[in-house]
Amino acid sequence: MKMKKKEETRIGVFICHCGTNIGGILDVPSLTEYAKTLDNVVFTQRNLYTCSETGLSAIKKGIKENNLNRVVVAACTPRTHEPLFQGICKEMGLNPYFFEFVNIREQCSWVHQMDHEKATSKARDLIRMGVARASLLEALEKHQIDVEPSALVIGGGISGMSAAEILANQGFQTIIVEKKPQLGGQLLTLHKLFPNNMDPEQILRKRDEILSNPLIKVYTSSEISSIEGYIGNFDIKIQSTEKEKGEESKQERSVKVGAIIVATGSDVLKPEGYYNYDGKRVITQKELEELLKQDQFTYQKIVMIQCVGSRIPERPYCSTICCMTAMKNARIIKKNNPETEIFILNRDIYTSGTYQEEFYRDTRKEGIIFSRYDEAHPPEVTDHSVIYYNFSQNGNIEIECDLVVLSTPLIPYPESESLSKMLKVPIDEYGFFLEAHIKLRPVDFSNDGIFVCGTCRWPGNIPESISQGYAAASRASRILKKGKFSVEGGTAWIDQDKCIQCEVCLKKCNYKAISRDEDDKVVVTAVLCKGCGACATTCPEHAIVMRHFTDNQIESQIAALLEGTTSD
Amino acid sequence: MEEHTKRVMIIGGGIAGIQASLDLGDMDYQVDLIEQKPCIGGRMAQLDKTLPTNDCSICILAPKLSDCFRHPQIKIHSLTQIEAVKKIGKKFDVTLKRQARFVDESACINCGQCVAKCPVKVDDQFDMEMRKRKAIYLYYLQGIPAVMAIDKEYCLRLKNLDKNKEVCGLCQKVCPKDAIDFMQTDELYHLETDAIIVAIGSNQYDPSPLHLYGYKRYKNVITGLEYERMISASGPTSGHIRRLSDNKPPKTIAFIQCVGSRDIRTNSYCSSICCTYSTKHAILSKEHDPELQSYIFYIDLRAGGKNFQKYVDRAKNEYNVKYIRGKVAEIKIDENDNPILYYEDLNTFEIKTKKVELVILASAMIPTKNSDKITSILDLELDEFNFIKTNLETPVSTNISGIFACGTCLGPMDIPHSVVNASGAAAKAAEYLYKLNR
């Protein structure tokens, strides 16, 4: 909708107490009174929780009864709540871009908890600035884009296969790209699975179903070489190594998909430099499984050491699966040869939930000995024993052994970094992919149309990897099923009368949203533009307008701020 | 697509049920979300902050509640429970019982005038009975649907309906919308659905049988969920930490782990969320009062979730939280109601005591109260701890085709796991529905 030129600007300001989050620090009643005095404000109200259904109905009522055409909410953060309030405006027939959010929680009551008065004064400034900007807001439309009903799953381990299975079983064309010569991921390296010693082959049966599913195309020995495009329309290049009659050749394919699921898994840390690791007498759990698999296990006295390379300052996280893995292997060894002596030296045993704790209990019943070591004085591995400080003895104990097994954590693959750049999604300080919200959006990326599952996100066991694969598929299905997706209207626009075609913006854009069109003009592809403003700030001719953050909108805020400092 | 004509019923309106509803609703399935309480929101609505980011729980939950409420594909059935299920062909014929609300849901505007006038005070279960509410009430502030309900056990009029004269009725007199309806009755109705997702959540173990801890005997020994309400801004003490014995702010708090868990007398399993939620409590306590000292008594410290171990390290280093490895055997009190803890220090193997001013019992997650009823109606297989049984390779599928499960009814788990599970169950349900009739 477009505003008639002479329509009066009628702003409503809704100020949230957010329980005591805001109301306990700021003087909300006085802020409400203050807002009334601002230009174009015709209605103000304060709510205990503006986002509650009660608060939302109050906004609706306010819009209706006062004929509001701009809505300002002073509350928490647009990150979580802007879509909600914009939705309410839309429901009431207002263009959602006529909504302005003022954050008086993070920016006032939370950061200035100790000074109520100054925090309130800052909130006054921010509200005044918000109202000034609201007066100049323009109606914008969201862009609708078509969604290709197909998906790419990067990684063919258990998590990726689970995701692909769900997608294909809902009728979506699905492509799996796996860098190894066959599907299966870490399952291929495991001997048995905890807690019931299931043969990994039983789960790997999924592989055969996937390979025979007509909707799933699998590319093994393949990697992603480039990703272009955006939600609904990703253009992917896949590079495959193909072997024919002993000759290796590279082949590149282009595919188009609507959504991407990242399921690249993780590696197991090779503990070079820890506890005299040599891969022979001091080995990892993974190497132990290899021995067990090949039925080559002959050792009599074994010491396992937990948290090797994890829960230490340089890698502080708990890898969650190593305690169960150690116990699983210990029990298998003990079952094969009850005479074997096994010690598990640990810091804390991680057997979280129902069946894992039971497993721990049973492991102890079978005579496997658990003893705690002191993280400040880690065990010492000699050529025939392990010496460690024992708390109950208040002194060192030496355990004779012919094999030391180190439990090392899952770590991200280094390739995650280049993939994250191609996808323009973040990774964390360790190299695990970083989801949109650690609590409520665990398998979404903040970039639309891209999802994450399995141990490339965080260490986890097989059921967790499977449910995450399902979850990522569910999140992707929402988009693929709709066939359409709408993207924000707050994008850059180039004024061709001012543009001198210098292409500075084109190089500056991180999202490849600026290009030359068929008439050789420099233009913005709105669906690709994230509205970051990097182009606008570099344009020497001020030819780029950031819709929803126009120069005069921002200048009005600055003016409103300065206006306040003279009177305050 | 024909999907929009297919229905899924989701039993339980906590974060897992909400997430599953939103995913399936967005896929254009018809979703019936069944909640036995007056409002959806579940346990997460009762929490103050969430770890490891200390995000305000209701603040991140509230937009999801509204999304559910406003979603064109989702219908919320509040105060409703399932009574029977029959499989007819490929469909489930579900008998539901809606408990009388005595308030017209479409008329009530949640103005609160009735609450102000209602003369009856009742223990507020949402606030863990740490304050009183009225017999007519909103289940919780941000609750959805945002309408009142009358508690028929306590309402003077409803208790005396069989008498000749009309008792009280103040709420009806002040209601500007004429929304009060004392004649409402419980109602049985049927819904046909193609698939079901069970997300009935869990309860907190009541530690009173562990009499050596003195819960309910000692005023200054409370549970984790009670503490959660206490530190919540919208809770019974408006977020102030207080001893229940003398209303004074405590300066020392002990958090005891594995209460009703990892204990063969009660529940042998690990409740999995307590080490980290106690860590959160200790951090928040320090933020409430920089002079406060917290002690966490534990057996094994389990912080496996994303960034959880770092959160524990932060508690130790930045908030000076003391982690003491040792299981508390008994709590006594001194003449000032200060709890005295008797424990074995597992670093020195000595028996020690510690006097504090408040004790929080990190009480375990157990299957929800009417889990037995619901799971037997649905004929679901349970594990040895009475959580719903699933398999390693099918982690959200039950023994009944077309019925899936997610969240803490599968066993103790945190919010991200519940959300993952919920989307996972939604995916499996969508797959099942797509294959139906094909």
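Fair warning: this is a prediction, and the values are worked out from it, not measured in the lab.

### With respect to unusual backbone geometry
Piece 1. Between A:F194 and the following residue, A:P195, the backbone shows a cis peptide bond with an omega angle of 0°.
Piece 2. Of note, A:P195 is situated in the loop between strand 7 (173-177) and helix 7 (200-212).
Piece 3. Geometrically, the link from B:I144 to B:P145 is a cis peptide bond, its omega value of 0° lying close to zero.
Piece 4. If you check the backbone angles, A:Y275 has positive phi at about 50° while not being a glycine.
Piece 5. On the secondary structure map, A:Y275 appears in the loop between strand 13 (266-268) and strand 14 (282-284).
Piece 6. With a relative accessible area of 16%, A:Y275 lands in the buried category.
Piece 7. Unusually for a residue other than glycine, B:E129 sits at a positive phi of about 60°.

### Considerations on the interface of chain A and chain B
Interface size is commonly expressed as the accessible surface area that is lost when the partners come together.
Piece 1. The partner chain B presents 81 residues to the 75 residues of chain A that form the contact.
Piece 2. Together chain A and chain B conceal approximately 6,500 Å² of surface at their shared face, both sides included; 59% is due to carbon and sulfur atoms.
Piece 3. Run the count over chain A and chain B and you get 9 salt bridges.
Piece 4. Examining the composition of the side of chain A that touches chain B, we find that 13 residues originate from one element, helix 12 (residues 462-482) of chain A, more than from any other.
Piece 5. Looking at side-chain class alone, the side of chain A that touches chain B contains 32 nonpolar, 22 polar and 21 charged residues.

### Let's talk about the side chain of A:N95
Piece 1. Of note, A:N95 is situated in the loop between helix 3 (78-91) and strand 4 (99-103).
Piece 2. Reaching out from A:N95, the side chain makes a polar contact with the backbone oxygen of A:L140 at a distance of 2.9 Å.

### Structural notes on the domain arrangement of chain A
Piece 1. Per the domain assignment, the segments making up chain A are domain 1 (11-142), domain 2 (150-267 + 411-484), domain 3 (270-408) and domain 4 (492-546).
Piece 2. With centres defined by C-alpha atoms, the gap from domain 1 of chain A to domain 3 of chain A works out at 57 Å.

### Re the pattern of salt bridges
Piece 1. Considering all chains together, one arrives at 59 salt bridges over all chains under this definition.
Piece 2. Salt-bridge contacts for A:K36 lead to A:E33; the nearest nitrogen and oxygen are separated by 3.2 Å. Within this pair, A:K36 and its partner A:E33 are both found in helix 1 (residues 28-36), separated by 3 residues, close to a single helical turn.
Piece 3. The partly exposed category is assigned to A:E33, whose relative accessible area is 47%.
Piece 4. Linking A:K206 and A:E165 is a salt bridge whose minimum nitrogen-to-oxygen distance equals 2.9 Å. Of the two residues, A:K206 sits in helix 7 while A:E165 sits in helix 6 (residues 158-168), which places them 41 residues apart along the sequence.
Piece 5. Taking relative accessible area as the criterion, A:E165 reaches 12% and is therefore assigned buried.
Piece 6. Here the salt bridges do not stand alone but share partners, grouping A:E357, A:R361, B:R262, B:D300 and B:R302 into one network.

### A short note on the pairing of strand 8 (residues 216-219) of chain A
Piece 1. Examined bridge by bridge, strand 7 of chain A and strand 8 of chain A share 4 bridges and lie parallel to one another. Each bridged residue has a counterpart across the sheet, and for A:V177 the counterpart in strand 8 of chain A is A:Y219.

### Section: the state of the cysteines
Residue and element names in this part refer to chain B.
Piece 1. Tallied over the entire structure, the rule returns 1 disulfide over all chains.
Piece 2. Here C56 engages in a disulfide with C59; their sulfurs sit 2.4 Å apart. Here the S-S torsion is close to 70°, and the disulfide linking C56 with C59 is therefore right-handed. C59 carries the same exposure label as C56, and that label is buried.

### Structural notes on the packing of aromatic side chains
Piece 1. Tallied over the entire structure, the rule returns 23 aromatic pairs over all chains.
Piece 2. Look at A:Y317 and A:Y430: their rings are 5.1 Å apart centre to centre, the planes differ by 70°, and that puts the pair in the edge-to-face class. Taken together, the residues A:Y317 in the loop between strand 15 (301-305) and helix 9 (322-336) and A:Y430 in the loop between helix 11 (415-423) and strand 23 (450-452) connect sequence positions 113 residues apart.
Piece 3. When its relative accessible area of 18% is taken as the criterion, A:Y430 is described as buried.
Piece 4. With 5.1 Å between their ring centres and 70° between their planes, B:Y269 and B:F385 make a pair best called edge-to-face. Here B:F385 lies in the loop between helix 10 (371-378) and strand 24 (403-405) and B:Y269 lies in the loop between strand 16 (252-259) and helix 8 (274-288), a separation of 116 residues in the sequence. No difference in accessibility class separates B:Y269 from B:F385, as the two residues are buried.
Piece 5. Above the face of the A:Y34 ring, A:R124 is positioned so that its terminal group lies 6.0 Å from the ring centre.
Piece 6. Over the ring of A:Y360 we find A:R364; its NZ or CZ atom is 4.3 Å from the centre of that ring.

### Some words on the domain arrangement of chain B
Residues and elements named next belong to chain B.
Piece 1. Each domain of chain B was delimited in the assignment, giving domain 1 (3-99 + 187-201 + 368-435), domain 2 (113-174) and domain 3 (205-365).
Piece 2. Computed over C-alpha atoms only, the centres of domain 1 and domain 2 are separated by 28 Å.
Piece 3. Contacts between domain 1 and domain 2 engage 14 residues on the former and 11 residues on the latter.
Piece 4. Taken together, both faces of the contact between domain 1 and domain 2 bury some 1,100 Å²; the carbon and sulfur share is 70%.
Piece 5. Put simply, domain 1 and domain 2 have 0 salt bridges between them.
Piece 6. For the pair domain 1 and domain 2, the interface holds 3 residue pairs in polar contact (both at pLDDT 80 or more).
Piece 7. Counting only elements with at least two residues in the side of domain 1 that touches domain 2, the list comes to helix 2 (42-46) and helix 3 (57-70).
Piece 8. Among the elements that make up the side of domain 1 that touches domain 2, the one with the highest residue count is helix 3 (4 residues).
Piece 9. Split into classes, the residues belonging to the side of domain 1 that touches domain 2 amount to 9 nonpolar, 4 polar and 1 charged.

Definitions and limits used
Residues numbered from 1 in each chain as written. Chains lettered and ligands numbered in written order. Predicted model: local features only at pLDDT ≥ 70, side-chain atom pairs only at ≥ 80, totals over all residues. Heavy atoms only, no water. Helix = DSSP H or I, 4+ residues; strand = E, 2+ residues; numbered from the N terminus. Buried < 20%, exposed > 50% of the residue type's maximum accessible area, 1.4 Å probe, protein only. Contact = heavy atoms within 4.5 Å. Buried area = accessible area lost by both parts, 1.4 Å probe. Salt bridge = Lys/Arg side-chain N within 4 Å of Asp/Glu carboxyl O. Nonpolar A, V, L, I, M, F, W, Y, C, P; charged D, E, K, R; others polar. Polar contact = N/O pair within 3.5 Å; in protein donor to acceptor, adjacent residues only side chain to side chain. Domains from an automatic or database assignment. Pairing = 2+ DSSP bridges. Disulfide = S-S within 2.5 Å. Phe/Tyr/Trp six-rings, centres within 6.5 Å; stacked < 30°, edge-to-face > 60°. Lys NZ or Arg CZ within 6 Å of the ring centre and 35° of its normal.

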